[in-house]
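An overview of the molecular structure
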Amino acid sequence: MNTAGKTISARTERIRKDLEAMAAFTASPGRGMTRHSFSEEDKKTREYIRARMEEAGLSTYEDAAGSLFGRRAGKRADAPAIMIGSHFDSVKNGGDFDGPAGVVMGLEIARTLHEHGVETEYPLEFAALVEEEGARFGGGLYGSRAMTGRVSREQLDTFKDRDGISAAEAMHSFGFDPDRIGEAVRPKGSLKAFIELHIEQGPILEAEGLDVGIVKTIVGITQQEVEILGRPDHAGTTPMDMRANALLAASETALFLDRAAREAGEGTVGTIGRMEVFPGGANIVPGRVFFTVDIRSVNNEKVTGLVSSLGAFLKEMETKHGVRTSITEKITVAPVHMSEEIVGLFTEEAKKRGYSMRSMQSGAGHDAMIMAGITDVGLVFVPSKGGRSHCPEEWTDYEQIAKGVNVILGAVLSLAGA
Ligand code: HGY
Ligand code: MN
Ligand code: MN
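Quantities reported herein were computed from a predicted structural model and do not represent experimental measurements. (Residues numbered from 1 in each chain as written. Chains lettered and ligands numbered in written order. Predicted model: local features only at pLDDT ≥ 70, side-chain atom pairs only at ≥ 80, totals over all residues. Heavy atoms only, no water.)

So, the site of ligand 1
Around ligand 1, the neighbouring residues are Glu-132, Glu-133, Arg-296, Ala-364, Gly-365 and His-390. With respect to ligand 1, the backbone of Gly-365 contributes an N or O atom lying 2.7 Å from an oxygen atom. Coverage of ligand 1 by the protein amounts to 89% of the 210 Å² it exposes when considered alone. For the shell around ligand 1, a count of residues per class yields one nonpolar, two polar and three charged. (Near = heavy atom within 4 Å. Polar contact = N/O pair within 3.5 Å; in protein donor to acceptor, adjacent residues only side chain to side chain. Areas by Shrake-Rupley, 256 points an atom, 1.4 Å probe, with all protein chains shown as cover. Nonpolar A, V, L, I, M, F, W, Y, C, P; charged D, E, K, R; others polar.)

Some thoughts on unusual backbone geometry
Cis geometry marks the peptide bond from Phe-278 to Pro-279, where omega comes out at 0 degrees. Its location among the elements puts Pro-279 in the loop between β12 (275–278) and β13 (284–285). With phi around 55 degrees, Leu-141 is a residue other than glycine that occupies positive phi space. Relative to the helices and strands, Leu-141 is located in the loop between β6 (124–129) and α4 (142–147). (Helix = DSSP H or I, 4+ residues; strand = E, 2+ residues; numbered from the N terminus.)

Remarks on the domain arrangement of the protein
Under the domain assignment used here, the protein contains domain 1 (2–219 + 335–416) and domain 2 (220–333). The gap between the C-alpha centroids of domain 1 and domain 2 is 33 Å. Residue-level contacts link 19 residues of domain 1 with 13 residues of domain 2. At the boundary of domain 1 with domain 2, total buried surface from both sides reaches about 1,200 Å², with 60% on carbon and sulfur atoms. (Domains from an automatic or database assignment. Contact = heavy atoms within 4.5 Å. Buried area = accessible area lost by both parts, 1.4 Å probe.)

Re helix α9 (residues 300–321)
The end-to-end C-alpha distance of α9 is 31 Å, a good match for the 32 Å that 22 residues give at a rise of 1.5 Å each. Every buried residue of α9 is listed here: Val-303, Leu-306, Leu-310, Phe-313, Leu-314, Met-317, Glu-318 and His-321. Taken down its axis, α9 places every buried residue within 155 degrees of arc, on the same side. Away from the buried face of α9 by more than 90 degrees, exposed residues Glu-301 and Thr-319 are located. If you follow the buried residues of α9, they end up packed against β9 (220–229), α8 (246–264), β14 (288–297) and β15 (324–333). One side-chain oxygen at the N-terminal end of α9 lies 2.9 Å from the backbone nitrogen of Glu-301; it belongs to Asn-299. (Expected span 1.5 Å × (residues − 1). Buried < 20%, exposed > 50% of the residue type's maximum accessible area, 1.4 Å probe, protein only. Arc of directions from axis to C-beta.)

The following block contains the structure:
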């Protein structure tokens, strides 16, 4: 979209500067990015982002859930806002781009509009969302779920980190009152759109040598937590046929999930990403095992079907191994389709700028899939080097990010009535 006849564009060096600065705020220097919500690293990152928002002329605020926003007024003060951004927390030992690339996209758009003195009809809100990964409290997509009324006050007490600190306690330590979580809900009609840029976290764009991916669908996701209770016994004196070995039941369940996901087809995936064995002694038969389950598919029936067959399998494990099992749902989101209008605007802008592109499905979850519950959403992917993500090797060239920013900038200028 031209502004007074000229096409305004992002500046790569500012994108690089922001991402390099934020990359320093990690709890695992030298071993990738570890930035849990409401941590020291969160605080440093949040303050860095807030400073850049204010430099870009935005008025900043934090909502009751702890997400940070920078607001840019539009000519129509009471018009619904266009929200632009992503999350700034990370997985453990993850990469520097998953989340922050989308937050920096927002900062760069805000700066570009500011320096060109662009006025829009609609107000804009640039978002830096917390706890999308759920790496600290489990479940995830927390900032967007809070805005859409999908975080209860009770969950803030029950969702705990590995040290037993609840989300409510962590929020409190950061100056947020968990009792006010309901105030984070965005009133119906208060948003015109939610637009996110994200790294692809997969191999397609790089393999096909494309500049941007325009996401049409995000897969359905469920994350569950399983506990298997057997009996801790002496590893030397307990005969093999007299054991209630929780790890054996857990191991057979892992093999079951892998097989069932492959057999489900349609790109369905099932993963056990975290497993903890207790009491964890070399000479003790495992009495308790905790593990996470992550199941995704573009076909929601595959997700629900896999969850129920997993539950049935756990019951079989109870009989076979003399253990007790429990399964707790942390989050479940159905597949989501992006706004056709916004997909069209992205496509048009990419064409105008001569960028190569393709439409895509996202196997990763994003805040956009939750925001789709209250407004139109759009999501642009930029390539991931080697398709890698959620690891220190995660990388996207800054010029590639700039192209994604330009595609969104053009769409925002159209949507916001510049
Ligand atoms: O798990 C996901 O897909 C995202 O990275 N939170
Ligand atoms: Mn992620
Ligand atoms: Mn992400």
